[in-house]
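Coordinate analysis (summary)
So you can see what is in the structure, the chains are spelled out below.
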Amino acid sequence: MSIQFGGDYNPEQWDEATWIEDVALMRAAGVTMVTVGVFSWARLEPVEGEYEFGWLDRVLELLHEGGIKVCLATPTAAPPAWMARRYPETLSVDRNGQRRTFGSRAHFCPSSPRYRQRSAAIADALAERYADHPALALWHINNEYNAECYCDVSAADFRAWLRERYGTIEALNETWGTAVWGQTYAEWAEVEPPRPSITLLNPARLLDWRRFVSDATLACFVNERDAIRRRTPGVPVTTNFMTMHKTVDHWTWAAAEDVVALDAYPDPHSPTGSIDVGLEYDRMRSLRGGQPWLLLESATSAVGWRSVNSARDPGQLRVASMQAVARGADAVMFFQWRASRRGAERFHSAMVPHSGPDSRIFREVSALGHELGKLAELAGTTVSADVAIVWDWTSWTTLDESPRRSEHVTYGDQVLRYYRQLWHRNIAVDLVRPTDDLSAYRLVLLPAAFALDENPSLVQYVADGGHLLASYATGTIDTTAAVHAGGAPGPLREVLGLRVEEANPLPAGVEVPVDDGYAVLWQDIIVPETATVLSRYTDGPWAGTPVVTANTYGAGIATYVGATLSDPLAVRVLDEVCRRAGVHGHAAAPMVEVVERRGGEYRYHVVLNHQAVPVDHTAPAGVDLLTGTECGGEIRLQPYDVKVIRLPATA
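Summary of the structure given here. All of these numbers come straight from a predicted model, not from anything done at the bench. Throughout this document, residue positions are counted from 1 along each chain, in the order its sequence is written. With pLDDT at 70 or above as the cut-off, local features in this predicted model cover only qualifying residues; side-chain atom pairs require 80 or more to be listed or tallied, and sums for whole chains, interfaces and linings still use all residues. Hydrogens and water molecules were not included; the side-chain quantities draw on all heavy atoms of the structure.

Moving on to the overall build of the protein chain. From N to C terminus, the protein chain includes 17 helices and 25 strands. Atoms counted for the radius of gyration: C-alpha only. Globule rule: 2.2 Å times the number of residues to the power 0.38. Relative to its length of 651 residues, the protein chain is compact, with a C-alpha radius of gyration of 26 Å against a globular reference of 26 Å. Dimensions along the principal axes, computed over C-alpha positions, put the protein chain at roughly 75 × 75 × 40 Å. Relative accessibility thresholds used throughout: buried, under 20% of the residue-type maximum; exposed, over 50%; partly exposed, between the two (1.4 Å probe, protein chains only). Put simply, the protein chain has 651 residues, and 59% of those count as buried. Should any heavy atoms of two residues lie within 4.5 Å, those residues are considered in contact. Sequence separation of 24 or more characterises 70% of the internal contacts of the protein chain that already satisfy a separation of 6 or more. Methods summary: accessible areas were calculated by the Shrake-Rupley approach with a probe of 1.4 Å, and residue burial reflects only the protein chains presented. Accessible surface computed for the protein chain: about 25200 Å², of which carbon and sulfur atoms make up 50%. Secondary structure follows DSSP: runs of H or I at least 4 residues long count as helices, runs of E at least 2 residues long count as strands, and numbering of each begins at the N terminus.

Moving on to the packing of helix α3 (residues 54-65) against helix α5 (residues 113-130). Here the axes come from fitting lines to C-alpha atoms, over the contacting stretch only for helices, and the angles between their N-to-C directions go from 0 to 180 degrees. As a packed pair, α3 and α5 sit with axes 12 Å apart at the nearest point and diverge in direction by 50°. One way to sum up the angle between α3 and α5 is to call them oblique. Between α3 and α5 lies a crossing whose hand is right-handed. Note on element contacts: α5 touches α3 through L126, R129 and Y130, opposite L56, D57 and L60. A class-by-class count of the residues in the contact of α3 with α5 yields 4 nonpolar, no polar and 2 charged. The scheme is simple: roughly parallel for angles under 35 degrees, roughly antiparallel for over 145, roughly perpendicular for 65 to 115, oblique for anything else. Two helices that cross are described as forming a left-handed crossing if the nearer one is turned anticlockwise from the farther one by less than a right angle, and a right-handed crossing if clockwise. Throughout this entry, Asp, Glu, Lys and Arg are counted as charged residues, while Ala, Val, Leu, Ile, Met, Phe, Trp, Tyr, Cys and Pro are counted as nonpolar. The remaining residues, Gly among them, count as polar.

Before going further, it helps to spend a moment on the sheet that holds strand β10 (residues 387-390). We call two strands paired when DSSP finds no fewer than two bridges between them. Spatial strand order, β11-β10-β12-β13-β19-β18-β17: 7 strands in an open sheet with mixed pairing. In the strand order of this sheet, the two ends are held by β11 (429-432) and β17 (532-536), each with one partner. Here the average twist between neighbouring strands, direction ignored, is 20°. Taken together, the 3 bridges between β10 and strand β12 (residues 443-446) define a ladder with parallel strand orientation. Each residue of the ladder has a partner; that of V387, found in β12, is L443.

As a further point, take the side chain of D478. Residue position: D478 is located in the loop between β13 (467-471) and α16 (493-496). Although D478 lies buried, it forms no salt bridge, and the closest oppositely charged side chain, R211, sits 7.6 Å away as judged by the N-O distance. Within 3.5 Å is the distance limit for a polar contact, defined as a pair of N or O atoms, with the added protein rule that one can donate a hydrogen and the other accept it, and that residues adjacent in sequence qualify only through two side-chain atoms. Here T480 takes part through its side chain, which lies 2.7 Å from a polar atom of the side chain of D478. With residues near it in sequence (within four places) discarded, D478 still touches A451, L452, D453 and H484. His residues and chain termini do not enter the charge count, which takes Lys and Arg as positive and Asp and Glu as negative. Each reported salt bridge corresponds to a side-chain nitrogen of Lys or Arg within 4 Å of a carboxyl oxygen of Asp or Glu.

A few words now on the environment of V561. Following the sequence through the fold, V561 ends up in strand β19 (residues 556-561). By relative accessible area, V561 is classed as buried at 2%. Taking the C-alpha atoms as reference points, V561 and A550, 11 residues apart in sequence, are found 9.0 Å from one another. What V561 contacts, discounting residues up to four positions off in sequence, is Y418, L469, A470, S471, Y472, V547, V548 and V573.

Here helix α10 (residues 273-287) crosses helix α14 (residues 411-424) at 100°, and the two axes come no closer than 9 Å. Here α14 runs roughly perpendicular to α10, going by the angle between their axes. Facing α10, whose interface residues are S274, I275, D276, G278, L279 and D282, α14 presents V415, L416, Y419, R420, W423 and H424. Tallied by class, the residues present in the contact of α10 with α14 amount to 6 nonpolar, 3 polar and 3 charged.

Pairing in this open sheet of 9 strands is parallel, and the strands run β5-β4-β3-β2-β1-β9-β8-β7-β6 from one edge to the other. Each end of this open sheet is capped by a strand with a single partner; those strands are β5 (237-238) and β6 (240-242). Bridge count between strand β4 (residues 136-140) and β5: 2 bridges; the pairing is parallel. Within β5, the residue paired with H140 across the bridge is T238. In the packing of helix α1 (residues 16-29) onto the sheet, the strands contacted are β1 (4-9) and β2 (33-36), and the crossing angle to β1 comes to about 160°.

In summary, the side chains of a regular strand alternate between the two faces of the sheet. For strand β8 (residues 293-297), a buried count of 5 out of 5 residues is recorded, marking the element as mostly surrounded by other parts of the structure. By convention a crossover is right-handed if, when the strands point away from the viewer, the path from the first strand over the helix to the second runs clockwise. In this region the chain leaves strand β7 (residues 261-263), passes through α10 and returns to the parallel neighbour β8; the handedness of that crossover is right-handed. Between the parallel pair β8 and strand β9 (residues 329-334), the chain is carried across by helix α11 (residues 316-326), and the sense of this crossover is right-handed.

Turning to the pattern of salt bridges, a few remarks are in order. Between side chains of opposite charge, a pair can form as their charged atoms come close. Applying the stated rule across the entire model yields 46 salt bridges. Among the salt bridges present, the one from E501 reaches R499, with a minimum N-O distance of 3.7 Å. For R499, a relative accessible area of 26% puts it in the partly exposed group. As a salt-bridge pair, D624 and K643 come within 3.9 Å of each other at their nearest N and O atoms. Here K643 lies in strand β25 (residues 642-648) and D624 lies in strand β23 (residues 615-624), a separation of 19 residues in the sequence. Put simply, D282, R285, R327, D430 and E593 are held in one network by salt bridges that share partners.

Patch criteria: residues need more than 30% relative accessible area and no salt bridge. Like-charged residues are merged within 9 Å; nonpolar side chains of Val, Leu, Ile, Met, Phe, Trp and Tyr are merged within 5 Å. A cluster of nonpolar residues, V180, W181 and L200, forms a patch on the protein surface that exposes about 350 Å² of accessible area. Following the sequence through the fold, L200 ends up in the loop between α7 (169-176) and α8 (203-231).

Attention now goes to α7. Those residues of α7 lying buried are I169, L172, N173 and W176. Summarising the axial view, the buried residues of α7 lie within an arc of 100°, below the 170-degree limit, and thus occupy one face. Opposite the packed face of α7, turned more than 90 degrees from it, sit the exposed residues E170 and E174. Buried residues in α7 make contact with α6 (152-166) and α8. G177, located one to two residues past α7, shows a positive phi value of around 65°. In this description, the arc belongs to the directions extending from the helix axis to the C-beta atoms.

As structure tokens, then:
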């Protein structure tokens, strides 16, 4: 086993002489695997049903001769021009009824039978041809699934999905609450996708549409996956997720894959960029129960879509890549190998930049490749955590969807507020669903879990001695988008020992004094029942009202935070909860990240300095795998430095 290293390779953009040069450069850079064919449908099938594989045969032959594995992609994110011309119904339609045109990518309708038929056909043809190819190591289906279509075909598919879910139109009316505003349906044919209307749309309809979109695109994935598995049952299959992207429910999708993969492009000049992407890395690791995952795309330097596409500092490429490895990745890949001279991504950085291999970027790429080659023993090891954060796709979708209580409060932001605090403490975190078995964790955080049903898992966790920290907006609605009778926190009322009489989102910039701090963005008007009040509002119309409470339930304790707290107060609250739960992190200087991977007889401390300045760090005694030297005690971390320290598992 090893940590795979490489990137997207698009040889269709170059001549064969460049291919030969590319393989030589890949070997020099320590590349072990490349993704091939992501956008090559037009080259592979220039005429419907007529495949041209000769060029790809040659590419795979060269790669295999160079000792480089292939992650072979189906090219179905970029349907060719002939499909758009011959079958215009395969082009997706936006919410306003405008049919999208050929000329970009991902312009397909996921519900189109013709699209599904042709995409399965080319997947099958690729699998048949390369089933026994010695370079084939992994299948990569489509690319960054983000398709959503409001055409009549999708509408019919949506109705079929609803009929399967509800059985009768009466059950749908009851669940959606269509008696409100006289939206009752008499027959299935009357149900349409949530296209724009004169005012607000039914939130239950919007939620089910989001579920349908995820399932419809998943059906496209499964359609290709099954075609491939019939030919190559022993080759793992994946697709590449995007960070903080809610079009698909990653929990559901991950169960349909063999390995989870992610495309991550943190802003190198954001003060929280390296922190926030850690959440996504932890989420990917958690989607399949802690299994290693793949960083399938990242940037060597600048990207091509921000308002200002700044380059990464010298050294940032290394520390950012090693951060993914620290948090469970068994592959570090980039988009792309060689920078495009033409097209929409011509300014996106690459492993071989426009300036060629005699460049800072290629030197850093090569150095990283050779360092990753020293970390083979990390492959397959895992990250264990005492703390879990509940990440719930339904809450994410519904809290952020109109009609909403505050545009200043989003689900992702609320999760990140807690995650950032744990990151600064170097406390490892798993992401879980609210219905998962939580018994392995000392502490579970439940930030803004807006949509909750009756939940035996959370209740039993606290009753058995667990520590739960929940925040405002939790338990406001159920998973059909209906508000809980009695209000928030719904099914956790007894566990938290309180009820929320009223929610009071605050205008931006308003600060409400609290003991030792202040609250912003949101006030829950809390009525304690069995909970003990830990902090109150001290001024204004709600002076004396609780803001932080704790409740003993069974053998455990459930803490509730009814507002966004100012940083010092938020830190103190979480510190106290961690203390009670017996949760401890790794001590380090600010912006020094320490993550531990474990496997066999060893554990590995990955130490990362995310700063452009040197800093001192106290490290445990062990061997730094990157240098092969003994390491321990007071050490000096250089700007963007990395240490991977091997320690005995039992130390």
